[in-house]
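One letter stands for each residue in the lines below.
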Amino acid sequence: MDSLWDDKQAARVLEREGQLGLRVYSSRLLGQNPDLVLHGGGNTSLKGETRNVFGETSETLFVKGSGWDLKTIEAAGFPAVSMDYLVRLGTLESLSDAQMMSELRLALLDPKAPTPSVEAILHALIPLRFVDHTHTDAVVTLSNSVGGAERLAQLYGDEVLILPYVMPGFVLAKQVAEATRGVDWSSLRGIVLLHHGLFTFAEDAKTSYNAMIELVTKAEDLIRELGAELPVEPSEPMPVSNVPSIEREQLARLRKAAGEVFGAPIVQRLNTSALARGFAARADAAELIASGPLTPDHTIHTKPFGAAFAETPLEGLEEFAGDYRQYVAQYAQPHHRCLDAMPRFGVWLQRGTLSFAASVKRLGVVDDIVTHTLQAMLTGEALGGWRALSRAELFEVEYWELEQAKLNSAPASADPARELEGKVALVTGAGSGIGRATAERLLTAGAAVIALDKEQDGLAQFQGQPAALALCCDITQTQEVEAALDTAVARFGGLDILVSNAGLFPPSQTLESLDDANWDASLAVNLSAPMRLLRACTPLLRQGFDPAVVMIASKNVPAPGPGAAAYSAAKAAVTQLSRVAALELGEHGIRVNTLHPDAVYDTALWSDDILATRAAAYGLSVEAYKTKNVLRAEVSSADVAEAVFLLAGSRLAKTTGAQLPVDGGNDRVI
Ligand SMILES: [Zn+2]
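Draft legend 1. How the structure looks around the overall build of the protein chain. Counting its secondary structure elements, the protein chain contains 24 helices and 18 strands. Judged by the C-alpha coordinates and their principal axes, the protein chain covers about 100 × 65 × 50 Å. Intrachain contacts of the protein chain at a sequence separation of at least 6 include 71% that bridge at least 24 residues. Taking the average location of the 57 positive side-chain charges in the protein chain and that of its 82 negative ones, the two points are 4 Å from each other.

Here it is, written out as structure tokens:
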């Protein structure tokens, strides 16, 4: 592992922002390496002084506040805490979790600061200025394998103290205090907490950071020397995998069943990276996936063990739920309430791994942890056998109120504006106009969105959004649609909302001059493609959560215009298709509704030139032309997107087979 320390940059930071700036700098160096710190695992601190309003100075600990991530932490993420208070807390015989958290807030020197890390007392007891703590993969993997403690002791000799696992928080602080009584701190470079992580410390930021890097590198080198290093990079990008259609339906059914166990819509992902496939191909994959996590703090995201899925994945789900409930029954105290029994990850034998979460954001966290866990498990096996913590110890952490509090305070689930969280939508023609506005609206509401467009250009805006899967796809080509659905189901698990929007407006031609190519092209894009897409999506929608189809037709259906036969006839037919679909799919709970937008001028179709020409043709200004409707209002793509959102979500749950205009009011239609 390379040190990322840059002397010049560190000197600049020190000059500008002092020691706390340097604390932020090296915390971020640790935080940006996922082999050291993964999703909140780890904390750091600095000892210094603060001056109060009376001009008195006191010894102060600046320690990571809860809710901050080392990767992006700022000075405000290090609340100032009274050293004297913390050290005195460390002398108490016992302290309950709830009381400790309340005492930590009392020890704050700024009442508005975030709550200090649960390890604040431990940080205070280490008598050096800078303290760094990570859940390093290499050290924890060694510790989670047969003979790990002995190997680590031999590797580090006297310069590192190795302590058996205890619960984090007050108990851990007491353990470290006992173990270091009378120790010569100047000869000690670090403390290994078995099955948990590594602490390093020094009087200056660089020495403490480099001690972390050097000790971790030693562990990595040992793993390599023992021939247990894996050839696969954990950062391998998520593959765009194609699953056979038969498995597509199976996956959607699994997602539905998993969501029912969870009690809400969920997203599910099939990972077929080389690492995942390699794991799934092992004869002992089912046993290994159930054998315990990398570090116990992962259990709030992943639960303490994974599920195993075979030919019939639904059986694996039931088995997991049974095992999980049994595990809870075995270790729970009367005050514990059993959490949901949905697995967060599992192996699908011979195929890859699966992950499950309430939102795409959480799914990303699970995926990252699972990737590191698989790597660690395989390394542990190569070292002689993976030996994670016992289920009793894992239960204590998973159901620890301080851990569960971390999840409850996460913003994703709490936001009422994100009512489509956990749902999956597919939008065609998503690269521009109404399609783009719709995709954005559904993303804002929390849905995962598969954005299809024929043109790559318009899809660029979705890149880098984890909840969007942008695919270049010509919906008139069955194979391209099939491939897109395969990818979509692998990525998000299924489909709840279909928005058929992609359309084509052929050049204006009277019937006499209408040429076959224009007629055929209009029917192909505006009618046949939506029919085939709906047909292909129906098996997935049948496994959807409150599934809904929204067909974008046109004002031309109730109020056609001359010169638009090819367009109007196709849109009228697709409206009829939508009505038949409403009749046929109602028994499966699938709602099918149609929108008739009109005069939506903020689309790629309407350039300023065309708009000016059309306005002139009516003898109107552009402004008057845009608002020539009953309400005298300009209709935008966003207005149509809002109507899609209403029909696609649960607000109009009792409406199907309806046709809704979004046109500012048209006197021919009214
Ligand atoms: Zn820790």
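Draft legend 2. Structural detail: the packing of helix α20 (residues 516-541) against helix α21 (residues 565-585). Closest axis-to-axis distance for the α20/α21 pair is 8 Å, and the angle between their directions is 15°. When the interaxial angle is binned, α20 and α21 end up roughly parallel. For the pair α20 and α21, the crossing hand works out as right-handed. Between α20, through N518, W519, S522, L523, N526, L527, P530, M531, L534 and T538, and α21, the contact on the second element is made entirely by A565, A566, Y567, A569, A570, K571, A573, V574, L577, A581 and L585. The class makeup of the residues in the contact of α20 with α21 is 16 nonpolar, 4 polar and 1 charged.

Draft legend 3. Quick look at the coordination of the zinc ion. Ligation of the zinc ion by protein atoms is provided by H133 (NE2), H135 (NE2) and H196 (NE2), these donors lying 2.1 Å from the ion. Each donor residue of the zinc ion belongs to the same chain, with the gaps between them written as H-x1-H-x60-H. A relative accessible area of 1% means that H133 is categorised as buried. Looking at H135, the relative accessible area reads 11%, which means it is buried.

Draft legend 4. Quick peek at helix α18 (residues 433-444). For α18, which comprises 12 residues, the first-to-last C-alpha distance of 17 Å matches the rise-based estimate of 16 Å (1.5 Å per residue) to within 8%. Within α18, the full set of buried residues consists of G433, I434, G435, A437, T438, A439, L442 and L443. Turning to α18, the residues buried within the fold contact β12 (424-428), β13 (448-453), β14 (468-472), β15 (497-500), β17 (591-597) and α24 (637-648). Backbone geometry just after α18 places G446 at a positive phi near 105°.

Here is what the cut-offs are and how they apply
Residues numbered from 1 in each chain as written. Predicted model: local features only at pLDDT ≥ 70, side-chain atom pairs only at ≥ 80, totals over all residues. Heavy atoms only, no water. Helix = DSSP H or I, 4+ residues; strand = E, 2+ residues; numbered from the N terminus. Contact = heavy atoms within 4.5 Å. Lys, Arg positive; Asp, Glu negative; His and termini not counted. Charge placed at Lys NZ, Arg CZ, Asp CG, Glu CD. Axes fitted to C-alpha atoms, helices over the stretch in contact; angles between N-to-C directions. Parallel < 35°, antiparallel > 145°, perpendicular 65-115°, else oblique. Left-handed = near helix turned anticlockwise from the far one by under 90°. Nonpolar A, V, L, I, M, F, W, Y, C, P; charged D, E, K, R; others polar. Donors = N, O, S within 2.8 Å, 3.2 Å for Na, K, Ca; no water. Buried < 20%, exposed > 50% of the residue type's maximum accessible area, 1.4 Å probe, protein only. Expected span 1.5 Å × (residues − 1).

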